[in-house]
Amino acid sequence: MAKIANEQLRLVLVLTLIAAISGGILAIVNHFTEPRIKELERQATNEALALCLPGAGDFQKEESLPAGAGGDVSEVYHGFDNNEPAGVVVKVEPRGYGGKVTMMVGIAAQGKVAGIKVLSHSETSGLGSKITEDGFLQQEAIREGGLGKPPALKQDGGKVEAITNATISSRAVIRGINQALAVAESFFTSTPGGPGDEAEAERGDGEE
Amino acid sequence: MKRWQVFTNGIFRENPIFRLVLGMCPTLAISTAVANALGMGLAATFVLVCSNVIISLLRNVIPDEVRIPCYIVVVATFVTIVDKVMAASAPGLHKVLGIFIPLIVVNCIILGRAEAFASKNSVGRSFMDGLGMGLGFTLGLLLLSAIREPLGEGTFLVAKDFGFPGLGLISEGNRAKIFVMAPGAFITLGLLLAGINKLAAKLTAARAHTKKGGE
């Protein structure tokens, strides 16, 4: 009996020891790599934010999403230029053809789309993957979009030229932009005397 | 078998990709660009060499009944080290390889070598085996990606992390995108496997022939 118990104890001890040593080694590795990984992530986010809202110098993350935000909205940042609000950047993840399209949409305080960046996607290579290209994102109908002027694909009665053979991917991007605009609107109109008034005025002679 | 033979064994005679047909998941998924193949190959080689050495060192300590969990803990430790270091030093490559880095833990080549070789051989021989198998895997990945990247992306040797834009070989309209997608992976691998098998058969036949002629 004692021999069997001893043998079993050995199994437990060896495995525990190996796990403990590897845990210790990993803690040391983590100690050295973690700050660098965090820093790289922060840098990547800041670069994307600056690209979407070129007028803003620093950004502040909004802690709570506004009520009524579309289901694909995941993060909202406020941009500031010398402590003056310069607009918002909204991170949205609409569903495309191959999965989520993670993108950031910057909306300037005047209510216009200031920049769009697709961070990651899994659309078909060579077809839907063109949503990241300037040929699609920089077209007039999208750049002119803004509060009261929601962009829409030609197929859906708008002016945006969809990517050939990738209507679903194109539509996902447009949906993302529109959800971002809705979030921006809720912020702009909730600041009395702020840029929201302008947006409202612009809306008056818009399509509505 | 001499140590040198143990080393070359993994590269030619028992090449993990073309002869043993192991580790197919990462092979098919990441051989879309030469830089990815090199990153994945070297990561796997590092894990293979380290885990082979440690498991060989511990082969008399680890009880038979719990050897598989012990191997997995050792392999997982090295994989996590690679994962963290790569995330901190080459974030672009880390993002592309994505889930396939953590998945090295369950790569059949690594557990296979631990079980079939390192647990029965000396530290020196296990080191050579790990190195040979790792480089054999890397060479296989490089061969696949050197075909897929130019045909599918039209470029060669793109390495964004190191600021190298790559060589443009084929113009936009003439690229066959299928080669960087899943079907292209299977087509390329299948043709390569067929070619290498044919070559291996010829070599064996030739060797048998010369032996006969010599007698």
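Small disclaimer: the values here were computed from a predicted structure and weren't measured.

(A) Region of interest: the overall build of chain A. Regarding its fold elements, chain A presents 5 helices and 5 strands. When the helices and strands of chain A are read in sequence order from the N terminus, they spell out α-β-β-β-β-β-α-α-α-α. For chain A, contacts bridging at least 24 residues in sequence account for 48% of all contacts bridging at least 6. Carbon and sulfur atoms make up 53% of the accessible area of chain A, which amounts to about 11,500 Å² in all.

(B) Structural context of the environment of Cys50(B). Residue and element names in this part refer to chain B. Along the chain, Cys50 falls in helix H3 (residues 34-57). A residue is classified by how much of its surface remains accessible, and Cys50, at 19% relative accessible area, is buried. Note: C-alpha distance between Cys50 and Gly130 (80 residues apart in sequence) is 7.9 Å.

(C) Seen up close, the pattern of salt bridges. All names here are of chain A. Under the defined criterion, the tally for this structure stands at 13 salt bridges over all chains. Residues Arg10 and Glu7 are paired through a salt bridge, measuring 4.0 Å at the closest nitrogen-oxygen approach. In this pair, Arg10 and Glu7 are both assigned in helix H1 (residues 2-52), 3 residues apart and thus about one turn of the helix distant. Classification of Arg10 as partly exposed rests on a relative accessible area of 35%.

(D) Up close: a nonpolar patch on the surface. Residues and elements named next belong to chain A. A grouping of Leu17, Ile21 and Ile25 is seen on the molecular surface, where their side chains present a nonpolar patch of about 290 Å² in accessible area. Tracing the chain through its elements places Ile25 in helix H1. Ile25 gets classed as partly exposed once you look at its relative accessible area, which sits at 38%.

(E) Representation of the pairing of strand S2 (residues 73-81) of chain A in the model. Residue and element names in this part refer to chain A. Sheet topology places strand S1 (residues 58-61) next to S2; 4 bridges connect them, and they run antiparallel. Within S2, the residue paired with Gln60 across the bridge is His78. Judged from the 8 bridges that link them, S2 and strand S3 (residues 84-92) form a sheet pairing that is antiparallel. Note that in S3 the partner of Val76 across the bridge is Val90. From the end of S2 to the start of S3, which pair antiparallel, there are 2 residues, and Asn82 there has a positive phi angle of about 50°.

(F) Highlighting the packing of aromatic side chains. Residue and element names in this part refer to chain B. What the rule picks out here adds up to 2 aromatic pairs over all chains. Relative to Phe78, the ring of Phe46 has its centre 6.2 Å away and its plane inclined at 85°; by these criteria the two rings are edge-to-face. Of this pair, Phe46 sits in helix H3 while Phe78 sits in helix H4 (residues 67-89), placing them 32 residues apart in sequence.

(G) Focus on the environment of Lys149(A). All names here are of chain A. Relative to the helices and strands, Lys149 is located in the loop between helix H3 (140-143) and helix H4 (167-190). Judged by relative accessible area, Lys149 falls into the partly exposed class, the value being 42%. Here the alpha-carbon distance between Lys149 and Thr16, two residues 133 residues apart in the chain, equals 63 Å.

(H) Structural context of the interface of chain B and chain A. Contacts between the two partners involve 22 residues from chain B, matched on the other side by 22 residues from chain A. Around 1,700 Å² of area is buried between chain B and chain A when both sides are counted, 78% of it from carbon and sulfur atoms. Applying the counting criterion to the chain B and chain A interface returns 1 salt bridge. Residues Lys84(B) and Glu34(A) are paired through a salt bridge, measuring 3.5 Å at the closest nitrogen-oxygen approach. On the surface where chain B and chain A come into contact, there are 6 residue pairs in polar contact (both at pLDDT 80 or more). At 11 residues, H4(B) tops the list of elements feeding residues into the side of chain B that touches chain A.

(I) Representation of H3(B). Between its first and last C-alpha atoms H3(B) spans 34 Å; for 24 residues at 1.5 Å apiece the expected length is 34 Å, and the two agree. Taking burial as the measure, the 24 residues of H3(B) include 18 buried ones, the bulk of the element.

(J) Region of interest: the nonpolar core. Membership of the largest hydrophobic core comes to 46 residues, with the highest contact counts inside it found for Val47(B), Ile101(B), Ile104(B) and Leu189(B). The set of elements that each furnish at least two residues to this core consists of H1 of chain A together with helix H2 (24-30), H3, H4, helix H5 (91-97), helix H6 (108-118), helix H7 (123-153) and helix H8 (182-214) of chain B. With residues near it in sequence (within four places) discarded, Leu189(B) still touches Ile17(B), Phe18(B), Met24(B), Leu28(B) and Leu144(B). One finds Val113(A), Ile131(A), Val173(A) and Ala180(A) within the second-largest nonpolar core, a separate group that totals 31 residues.

(K) Structural context of the sheet that holds S1(A). All names here are of chain A. Spatially, the 5 strands line up as an open sheet ordered S1-S2-S3-S4-S5, and their pairing is antiparallel. The sheet is open, and its two borders are formed by S1 and strand S5 (113-120), each paired with just one other strand. Put simply, the sheet's adjacent strands are angled 25° from each other on average, direction ignored. In the sheet, strand S4 (residues 102-108) pairs with S5 via 6 bridges, with the strands oriented antiparallel. The partner of Thr102 across the bridge, within S5, is Ser120.

(L) Fine view of unusual backbone geometry. Residues and elements named next belong to chain A. Positive phi outside glycine occurs at Asn83, with the angle close to 65°. Here Asn83 falls in the exposed class, since its relative accessible area comes to 67%. Of note in this structure, Asn165 is not a glycine but carries a positive phi near 65°. On the secondary structure map, Asn165 appears in the loop between H3 and H4. When its relative accessible area of 64% is taken as the criterion, Asn165 is described as exposed.

(M) Looking closely at the packing of H3(B) against H4(B). Residues and elements named next belong to chain B. Here H3 crosses H4 at 145°, and the two axes come no closer than 9 Å. Once H3 is placed against H4, the crossing between them reads as right-handed. Facing Gly39, Ala43, Phe46, Val47, Cys50, Ser51, Ile54 and Ile55 of H3, the residues of H4 in contact are Tyr71, Val74, Val75, Phe78, Val79, Val82 and Met86. Among the residues making up the contact of H3 with H4, the classes are represented as 13 nonpolar, 2 polar and no charged.

Definitions and cut-offs
Residues numbered from 1 in each chain as written. Chains lettered and ligands numbered in written order. Predicted model: local features only at pLDDT ≥ 70, side-chain atom pairs only at ≥ 80, totals over all residues. Heavy atoms only, no water. Helix = DSSP H or I, 4+ residues; strand = E, 2+ residues; numbered from the N terminus. Contact = heavy atoms within 4.5 Å. Areas by Shrake-Rupley, 256 points an atom, 1.4 Å probe, with all protein chains shown as cover. Buried < 20%, exposed > 50% of the residue type's maximum accessible area, 1.4 Å probe, protein only. Salt bridge = Lys/Arg side-chain N within 4 Å of Asp/Glu carboxyl O. Patch = residues over 30% accessible without salt bridge, like charges linked within 9 Å, V, L, I, M, F, W, Y side chains within 5 Å. Pairing = 2+ DSSP bridges. Phe/Tyr/Trp six-rings, centres within 6.5 Å; stacked < 30°, edge-to-face > 60°. Buried area = accessible area lost by both parts, 1.4 Å probe. Polar contact = N/O pair within 3.5 Å; in protein donor to acceptor, adjacent residues only side chain to side chain. Expected span 1.5 Å × (residues − 1). Core = buried A, V, L, I, M, F, W, Y, C linked by side-chain atoms within 4.5 Å. Axes fitted to C-alpha atoms, helices over the stretch in contact; angles between N-to-C directions. Left-handed = near helix turned anticlockwise from the far one by under 90°. Nonpolar A, V, L, I, M, F, W, Y, C, P; charged D, E, K, R; others polar.

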